[in-house]
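This is what each chain is made of:
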Amino acid sequence: MAELTGKVAFITGAARGQGRAHAVKLASEGADIIAVDLCAQIDSVPYPLATPDDLAATVELVEETGARIVASQADVRDRDAVKTALREGTEKLGNRLDIVVANAGIAPMAAADAWQDVIDVNLTGVYNTVDVAMKPMIKFGNGGSIVFISSVAGLVGIGAPVGGSVGYAAAKHGMVGIMRLYANFLAQYSIRVNSVHPAGVNTPMIDNDFTRSWLEGVAQDSQGGPDMGNALPVQALEPEDIANAVFWLVSDAARYVTGVTLPVDAGYVNKR
Ligand SMILES: NC(=O)c1ccc[n+]([C@@H]2O[C@H](COP(=O)([O-])OP(=O)(O)OC[C@H]3O[C@@H](n4cnc5c(N)ncnc54)[C@H](O)[C@@H]3O)[C@@H](O)[C@H]2O)c1
């Protein structure tokens, strides 16, 4: 029997990139999936966000593993929408909720006017997700595991003094505070809470003209300063590398791991 058989996982930002990789990995390990994604554009984000077709592709990939999936469009900034998507999902999947992956995020790094949008999605959205999800988790009484997808930008001071970039660093650090608070509060219910901190991951968030030219600019500005590269000889990680870490965190192999900030970063943070 697969490690996660009988479990239900709720994943935000699941239409593509890391969110899709988490959905497919957890499904291939036996979990049924509740997937949400905005599937629409946010004005301050200069690269395309996911589409309904992307979410449909995630559904297909999850179903190919044999798992069930309930997918819907929902904005993590909208607490009621998250609550409705989650309720509909748990009702269809047997009234369970064991795993939450708060993954949805935006990175409008070069946008001067993006502070508020980044805080709304990457910080308030994470708070909405955990606050809405912990209530059914506690009620169902099976314990569980919550994982926040932060960033190396949630552990060290990287970026540029531009609204979108400062907001990204603030939100990704802020998630650690939320994670630590809920790890303490939810321990009494055997619910573990941890954050994962990836270095650059090969997804549409960085594989686009806007982010590429921003990263080149930051690298040029810091010439003679700290090396921005990873320690291990790899330019960007793959979404599956992060999904493997998430799987470990939500599995019984990590049953006494809570309140931890886990870099999956090819040694990036250790080099700073
Ligand atoms: N790609 C990287 O280099 C990298 C590095 C470290 C951390 N991260 C973080 O990993 C997470 C996943 O990003 P990714 O790399 O897969 O990028 P991505 O852009 O491919 O995926 C992010 C997903 O979130 C969705 N989304 C955005 N705003 C939303 C909202 N308000 N409500 C619901 N869904 C929303 C998008 O539509 C998209 O499908 C993000 O939190 C990101 O900040 C990414």
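Let me sum up the structure you'll find in this document. Just so it is clear, the model here is predicted, and its values are computed rather than measured. (Residues numbered from 1 in each chain as written. Predicted model: local features only at pLDDT ≥ 70, side-chain atom pairs only at ≥ 80, totals over all residues. Heavy atoms only, no water.)

Before going further, it helps to examine the overall build of the protein chain. Helices and strands together make up the secondary structure of the protein chain, namely eight helices and seven strands. Relative to its length of 272 residues, the protein chain is compact, with a C-alpha radius of gyration of 18 Å against a globular reference of 19 Å. Projected onto the principal axes, the alpha-carbon positions of the protein chain cover approximately 55 × 35 × 30 Å. Counting every position in the protein chain, which comprises 272 residues, the buried fraction comes to 52%. Long-range contacts, defined as pairs at least 24 residues apart, comprise 78% of the intrachain contacts of the protein chain with a sequence gap of at least 6. (Helix = DSSP H or I, 4+ residues; strand = E, 2+ residues; numbered from the N terminus. Rg over C-alpha atoms; globule rule 2.2 N^0.38 Å. Buried < 20%, exposed > 50% of the residue type's maximum accessible area, 1.4 Å probe, protein only. Contact = heavy atoms within 4.5 Å.)

The topology assignment puts Asn202 in the loop between strand S6 (191-198) and helix H6 (209-221). When the C-alpha atoms of Asn202 and Leu237 are compared, they prove to be 6.0 Å apart, with 35 residues separating the residues in sequence. Beyond its immediate stretch of four places on either side in the chain, Asn202 contacts Asp207, Ala236, Leu237, Glu238 and Pro239. In this structure the side chain of Asn202 is engaged in a polar contact, spanning 3.4 Å, whose partner is the side chain of Glu238. (Polar contact = N/O pair within 3.5 Å; in protein donor to acceptor, adjacent residues only side chain to side chain.)

With that out of the way, let us pick up the side chain of Asn128. Position of Asn128 among the secondary structure elements: in helix H4 (residues 115-140). Every residue in contact with Asn128, bar those within four places of it in the chain, is listed here: Val76, Arg77, Asp78 and Arg79.

Here the focus is the sheet that holds strand S4 (residues 99-102). One open sheet holds the seven strands; their spatial order is S3-S2-S1-S4-S5-S6-S7, and the pairing between them is parallel. Edge positions in the sheet fall to strand S3 (69-73) and strand S7 (261-264), since each has one partner strand and no second. The sheet shows a mean angle of 15° between the axes of neighbouring strands, direction not considered. (Pairing = 2+ DSSP bridges. Axes fitted to C-alpha atoms, helices over the stretch in contact; angles between N-to-C directions.)

The next subject is the layout of surface pockets. Roughly 280 Å³ of volume is contained in the second largest pocket. Elements that contribute at least two residues to the lining of the second largest pocket include exactly helix H3 (79-92) and H4. Its residues assigned to classes, the lining of the second largest pocket comprises four nonpolar, two polar and seven charged. (1 Å grid on protein atoms, 1.4 Å probe; cavity = no way out; pocket = protein on both sides within 12 Å on 5 of 7 lines; lining within 4 Å. Points joined across faces, edges and corners; volume = space filled by probe spheres on them. Nonpolar A, V, L, I, M, F, W, Y, C, P; charged D, E, K, R; others polar.)

A few words on the pairing of S4. Of the two faces of S4, the one holding Ile99 and Val101 and the one holding Val100 and Ala102 are both buried throughout. In this sheet, strand S5 (residues 144-149) lies alongside S4 in parallel orientation, the contact comprising four bridges. Counted as the bridge partner of Ala102 is Phe148 from S5. Viewed along the sheet, the connection from S4 through H4 into S5 turns out right-handed. (Right-handed = clockwise from strand over helix to strand, strands pointing away.)

This part takes up unusual backbone geometry. Not every positive phi belongs to a glycine, and Asn95 is a case in point at roughly 50°. Mapped onto the fold, Asn95 is located in the loop between H3 and S4. Judged by relative accessible area, which is 44%, Asn95 ranks as partly exposed.

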